[in-house]
Structures are given as structure tokens and as C-alpha cells.
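Residues per chain are reported as follows:
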Amino acid sequence: MHTLNIITGGKKLSEASRAVIMLHGRGGTARDILSLAGYLNIADAALLAPQATNHTWYPYSFIAPVQENEPWLSSAIDMVKQTVNTALEAGITTENIYFLGFSQGACLTLEYIARHAQRYGGAAAFTGGLIGDQLYTGNYQGDFKQTPVFIGTSDPDFHVPVERVHATTALLTQMHADVTEKVYPNMGHTISEDEITLANRLVFDRQQ
């Protein structure tokens, strides 16, 4: 299973006013996702990027039957929880914890926050959706209390069906998240400059 290995960037936790938990995609690294920090308005934040074992959070597609991705999926969710706890133990309040993920990391970001909904600083998910062959709504509980969430994706995207993105937006909205979804025609499996701009404006610039 995954072993907690958090690569850090930005300010020291003891000196930061907020923390951003950054989750890399399949085949990526924590350092890859940390490199996005230079484009985001998070200079005041401690950056916490856990590294997935073998560069993969779970083995199969995020829309495969859940059991096919176990026990890796549960272990990945626990890694995010431990990373959140690292920030909390350093005195960062939940309202000042932010999330960012790309692709598989975006799916994991959305799955984690939906399972632990409360008022966070915000979340940006670049090409992702809630995990499972269907939405297992019994897994999701809590109230986001208008936490800002940005979800950007391409249509089509080889890995992430746009229908799942729409369903994810609907569910998070029902849980009182302030969700902005933007679908980019034929963007490809990447992060666009426009997504970065929107993530900054809608999520990272809206400090508590």
C-alpha cells in the first residue's frame, strides 16, 4: 500500500497562513504537481504533495468497479487524510486548507473532499470526477458550506467522460459546495492557462 511521503514546497507550515494539498496524476510525481505553484496565487501557503507508490494512486480507471481499485484506493484516500492531518496538527484550520489535483489526482481530490465535506478553503480539480463505476452516494457526507470548487475538463477526454464531471458537479452542489465547472472543447488531457486563471480567481484568491 501507499507509504506517506509528503514532498513540501512554499512556506514552512509553522509560518504559513494556509496549506495547499496537491495531488499528482498517474505516472506523475509530487514534484511535478508542485511545479504548478509558480502559476498559482499561493505564495503565502505551505504546499504539501504526497507521493503515490509507483506513481499511481490506484491501478485501474477511476470509473472501473471500485473493488478493482482496492485496496489501493482506500490507501490513497488515507494518504490524503494523513496529509490533511499534518496541516491541522501544525495549526492550519480546515477553512484554510485547499486542494488541487490533476487527472487521477483530481479524481482523488474530489473523492476525498466529498467523503469529508466541510468548509475548506477551496479545491481545484483539473480533469477529474468522483470515483466508481457509478456514484456511490452513501460514501459522501457533510456540508461544504459554500466551499469554492473549480472543475475544468476537456470534451472529449480519453480518461474522464464529461458525463461524470457533470454528475460530480451536481452532487457537490447538492452538498452545498460553490462549484464552477468549465468544459473546454477538444482541449486534450492537460491543464490550460484559462483553467489556471479561473482556479486563481475562484479558489485561491478567495482567502478566508
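Procedures and definitions
Residues numbered from 1 in each chain as written. Predicted model: local features only at pLDDT ≥ 70, side-chain atom pairs only at ≥ 80, totals over all residues. Heavy atoms only, no water. Helix = DSSP H or I, 4+ residues; strand = E, 2+ residues; numbered from the N terminus. Rg over C-alpha atoms; globule rule 2.2 N^0.38 Å. Buried < 20%, exposed > 50% of the residue type's maximum accessible area, 1.4 Å probe, protein only. Core = buried A, V, L, I, M, F, W, Y, C linked by side-chain atoms within 4.5 Å. Contact = heavy atoms within 4.5 Å. Polar contact = N/O pair within 3.5 Å; in protein donor to acceptor, adjacent residues only side chain to side chain. Pairing = 2+ DSSP bridges. Right-handed = clockwise from strand over helix to strand, strands pointing away. Expected span 1.5 Å × (residues − 1). Axes fitted to C-alpha atoms, helices over the stretch in contact; angles between N-to-C directions.

K.L.:
Would you mind showing me how to read the overall build of the protein chain here?
P.N.:
A count of helices and strands for the protein chain gives five helices and seven strands. Put simply, the protein chain runs from its N terminus to its C terminus through helices and strands in the order β-β-α-β-α-β-α-β-β-α-β-α. Taking 208 residues into account, the globule formula puts the C-alpha radius of gyration at 17 Å, and the protein chain, at 15 Å, falls close to it. C-alpha extents for the protein chain along the principal axes are approximately 40 × 35 × 30 Å. Split into buried and exposed, the 208 residues of the protein chain put 55% on the buried side.

K.L.:
Is there a simple way to think about the nonpolar core in this case?
P.N.:
As a rule of thumb, nonpolar side chains are buried together in soluble globular proteins. Judged by nonpolar contacts, the single largest core of 46 residues is most densely connected at Phe 99, Ile 113, Val 149 and Leu 172. Those elements that provide at least two residues to this core are strand S2 (18-23), strand S3 (45-50), helix H2 (72-89), strand S4 (97-102), helix H3 (104-115), strand S5 (122-126), strand S6 (148-155) and helix H4 (162-174). The contact partners of Ile 113, leaving out residues within four places of it in the chain, are Phe 99, Tyr 120, Ala 123, Phe 144 and Val 149.

K.L.:
It is not clear to me how the side chain of Ser 75 should be interpreted in this structure. Could you clarify?
P.N.:
On the secondary structure map, Ser 75 appears in helix H2. Residue classification places Ser 75 among the buried positions, given a relative accessible area of 10%. A polar side-chain atom of Ser 75 sits 3.1 Å from the main-chain amide nitrogen of His 2.

K.L.:
When you look at the side chain of Gln 51 in this model, what are you seeing that I'm missing?
P.N.:
Note on placement: Gln 51 falls in the loop between S3 and H2. Among the polar contacts made by the side chain of Gln 51, one reaches the side chain of His 24 at a distance of 3.4 Å. Beyond its immediate stretch of four places on either side in the chain, Gln 51 contacts Thr 3, Asn 5, His 24, Gly 28, Thr 29, Ala 30 and Trp 57.

K.L.:
Would you mind showing me how to read the pairing of S6 here?
P.N.:
Consecutive side chains of a regular strand alternate in pointing toward one face of the sheet and then the other. Most of S6 sits out of view: seven of its eight residues are buried. Summarising the sheet, S6 and strand S7 (residues 178-185) pair through eight bridges and their orientation is parallel. When the bridges of S7 are listed, Ser 154 appears paired with Tyr 184. The parallel pair S6 and S7, bridged by H4, forms a crossover whose chirality is right-handed.

K.L.:
How should I be thinking about H4 in this particular structure?
P.N.:
Working note: α-helix, 3.6 residues per turn, so residues spaced by three or four point in the same direction. Along its 13 residues, H4 runs 19 Å from first to last C-alpha, staying within 8% of the 18 Å computed at 1.5 Å per residue. Val 162, Arg 164, Val 165, Thr 168, Thr 169, Leu 171 and Leu 172 are the residues of H4 that are buried. Positive backbone phi, at 70 degrees, marks His 176, one or two positions downstream of H4.

K.L.:
Before we go on, may I ask you to explain the sheet that holds S5 in this structure?
P.N.:
Strands belonging to one sheet form pairs held by backbone hydrogen bonds; the direction of such a pair is parallel or antiparallel. Strand order in the open sheet made by the seven strands is S1-S3-S2-S4-S5-S6-S7, with mixed pairing throughout. In this open sheet, the two edge strands, each paired with only one partner strand, are strand S1 (6-10) and S7. Between one strand axis and the next, the sheet turns through 15 degrees on average, direction left out of account. Bridge count between S2 and S3: four bridges; the pairing is parallel.

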